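Working through the structure, step by step
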Amino acid sequence: MTLWGLMLVCGVLTFAIRYSFIAAEGHYRPPPWFALLLPFVPVAALTALTAPELLLVGGALDVGAGNVRLWAGLVAIVVAAIWRNTLLTIGSGFLALFLLQQL
Amino acid sequence: MSPGEAFSIGLRAVMPLLLGVAPFGVIYGVVALQSGIPALAAMAMSTIVFAGSAQFLLAQLVGAGAPFLLAAGAVGLVNLRHALYSASVAPVLARLPQRWKILLAYLLTDEAYAAAIPHLLADARGPQPSRAHWILLGSGVGLWSGWQVSTLAGVLIGSSLPADMGLDFALPLTFIAIVVPMISTRALFAAAIAAGAAAVALAALPYKLGLFLGALAGLAVGAALGRKTA
């Protein structure tokens, strides 16, 4: 059946991507610049995931007052920078979103 | 640190993220059913593919009757960023037996990686032997379980839920909570700005390629500045 075949192929593909460097470790010698990139992976990848969620509304850039997710996100960024606490950050972001939506 | 303690660190680190993942999983379940995917297959996709945004895309492509190779290629492109996580954790997993590597690769998602990475860095600086794999296992199992349960909830009850409760905002908030405290140098700050700006600028590209290219832009900028200051 095609759907199950497709899921299987996608599963194998996804696993292969996740396994790639883990499997290759020790079997190849990465170029020296490669190690310089790795410390930036978490910050770069997660920011690339998050920024469009805050800045884009319906696929278009929106930095206006009406983009409540952007302003709530900025509140969360400030809270995260000061208190470095996950739950406090999520809580303040939601509170800000809720309050901004009431305006 | 015992393996159990390390596992529990990873598990506890991923718990707040489940707040963001659970609604996402519920919505996936709804979208999958709406795309004409049977409930059993929708659930199976969560274990076989186990990748949130790729599962959304796959469900939509199946619903739209996309060709096999195009659908598989799209899923591969969406998940390309996981290669970065693979490269990032590879050094700390180097000495593990194959079965550990396979298990942890299967469990390597955005959220499990994000939750574990601050603790992996701490573990690398701490006393040896490393418990990094137990930390990753804890966050991976926690996220996996949360994803299966929320997908199931979406498949079972999702169609009766109000469409937008804003709960999906929890995921970006969680990533903010993880990333912001990590930005301790000018190079890391520049990497974040570059990655975010590039991802926004390239958001119109198909298959979420903008996310991957944005991440690469962040890596390049960070490494270029990091070499000067390090």
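Residues numbered from 1 in each chain as written. Chains lettered and ligands numbered in written order. Predicted model: local features only at pLDDT ≥ 70, side-chain atom pairs only at ≥ 80, totals over all residues.

**Quick word on the overall build of chain A**
In plain terms, the rule: Each helix corresponds to a stretch of at least 4 residues labelled H or I by DSSP, and each strand to a stretch of at least 2 residues labelled E; elements are numbered beginning at the N terminus. In this scheme every C-beta is placed from the backbone, and a residue whose C-beta has 20 or more other C-beta atoms within 10 Å is buried, one with 12 or fewer is exposed, and one in between is partly exposed.
A tally of helices and strands in chain A yields five helices and two strands. If you list the helices and strands of chain A from N to C, you get α-α-α-β-β-α-α. Expressed along its principal axes, the backbone C-alpha trace of chain A runs to roughly 55 × 45 × 25 Å. Taking all 103 residues of chain A together, the buried fraction comes to 42%.

**Side note on the overall build of chain B**
What counts is decided by this rule: All radius of gyration figures rest on C-alpha atoms, and the globule criterion is 2.2 Å times the number of residues raised to 0.38. Residue pairs qualify as contacts under a 7 Å threshold applied to their C-beta atoms, which are placed from the backbone.
Along chain B, the regular secondary structure elements total eleven helices and zero strands. In sequence order, the secondary structure elements of chain B are arranged as α-α-α-α-α-α-α-α-α-α-α. In summary, chain B has a C-alpha radius of gyration of 18 Å against a globular reference of 17 Å for 230 residues, a match within 12%. Judged by the C-alpha coordinates and their principal axes, chain B covers about 50 × 40 × 35 Å. Here the analysis covers contacts within chain B between residues at least 6 apart in sequence; of these, 76% occur between residues at least 24 apart.

**Quick look at the interface of chain A and chain B**
In this assembly, 59 residues from chain A lie in contact with 73 residues from chain B. For the side of chain A that touches chain B, the secondary-structure elements that each account for two or more residues are helix H1 (2–24), helix H2 (32–37), helix H3 (41–55), helix H4 (68–83) and helix H5 (86–102) of chain A. The dominant element in the side of chain A that touches chain B, judged by the number of residues it contributes, is H1 of chain A, at 19 residues.

**Re the nonpolar core**
The criterion, for reference: Nonpolar core, as used here: buried Ala, Val, Leu, Ile, Met, Phe, Trp, Tyr and Cys residues forming one set through C-beta atoms within 7 Å.
Ranked by size, the top nonpolar core spans 114 residues in total, and within it Ala44 of chain A together with Leu58, Ala191, Ala195 and Ala215 of chain B carry the most contacts. Among all residues touching Ala215 of chain B, those that are not within four sequence positions of it are Ala44, Ala45 and Ala48 of chain A together with Arg81, Leu84 and Ala195 of chain B.

**Details of unusual backbone geometry**
All names here are of chain A. Its identity as a non-glycine residue notwithstanding, Arg84 has a phi of 50°, on the positive side. Among the structural elements, Arg84 can be located in the loop between H4 and H5. On the neighbour-count criterion, Arg84 (13 C-beta atoms within 10 Å) is partly exposed.

**Some remarks on the domain arrangement of chain B**
Residues and elements named next belong to chain B. Worth spelling out the cut-off: The source of the domain bounds is an automatic or database domain assignment.
One can read the domain layout of chain B as domain 1 (3–163) and domain 2 (183–230). For domain 1 versus domain 2, the separation of C-alpha centres amounts to 23 Å. In this assembly, seven residues from domain 1 lie in contact with six residues from domain 2. At three residues, the largest contribution of residues to the side of domain 1 that touches domain 2 is made by helix H4 (residues 68–78).

**Section: the confidence of the model for chain A**
Spelled out, the test is: Within a predicted model, pLDDT stands for the predictor's per-residue confidence, ranging from 0 to 100.
Chain-level pLDDT for chain A is 93 on average; 99% of the residues reach the 70-or-more range. Within chain A, H4 of chain A carries the highest mean pLDDT (97), whereas H2 of chain A carries the lowest (89).

**Considering H5 of chain A**
Note: α-helices contain 3.6 residues per turn, so residues at a spacing of three or four share the same orientation. To keep it simple, the criterion reads: The span one expects for a helix is its residue count, reduced by one, times 1.5 Å. Directions are taken from the helix axis to each C-beta atom, and the arc is the one they span.
Relative to the 24 Å expected for 17 residues at 1.5 Å per residue, H5 of chain A spans 25 Å between its end C-alpha atoms, a close match to the ideal helical length. Burial in H5 of chain A covers these residues: Thr86, Thr89, Ile90, Ser92, Gly93 and Ala96 of chain A. For H5 of chain A, the buried positions fall inside an angular range of 165° around the axis, keeping them on one side. Among the exposed residues of H5 of chain A, those pointing more than 90 degrees away from its buried face are Phe98 and Gln102 of chain A. For H5 of chain A, the elements touching its buried residues are H4 of chain A together with helix H1 (3–34) and helix H9 (170–182) of chain B.

**Focus on the environment of Pro181 of chain B**
If you trace the backbone, Pro181 of chain B turns up in helix H9. Each C-alpha atom of the pair Pro181 of chain B and Pro118 of chain B lies 9.6 Å from the other, and the pair is 63 residues apart in sequence. Apart from residues no more than four positions distant in its own chain, Pro181 of chain B is found in contact with Ala80 and Arg84 of chain A.

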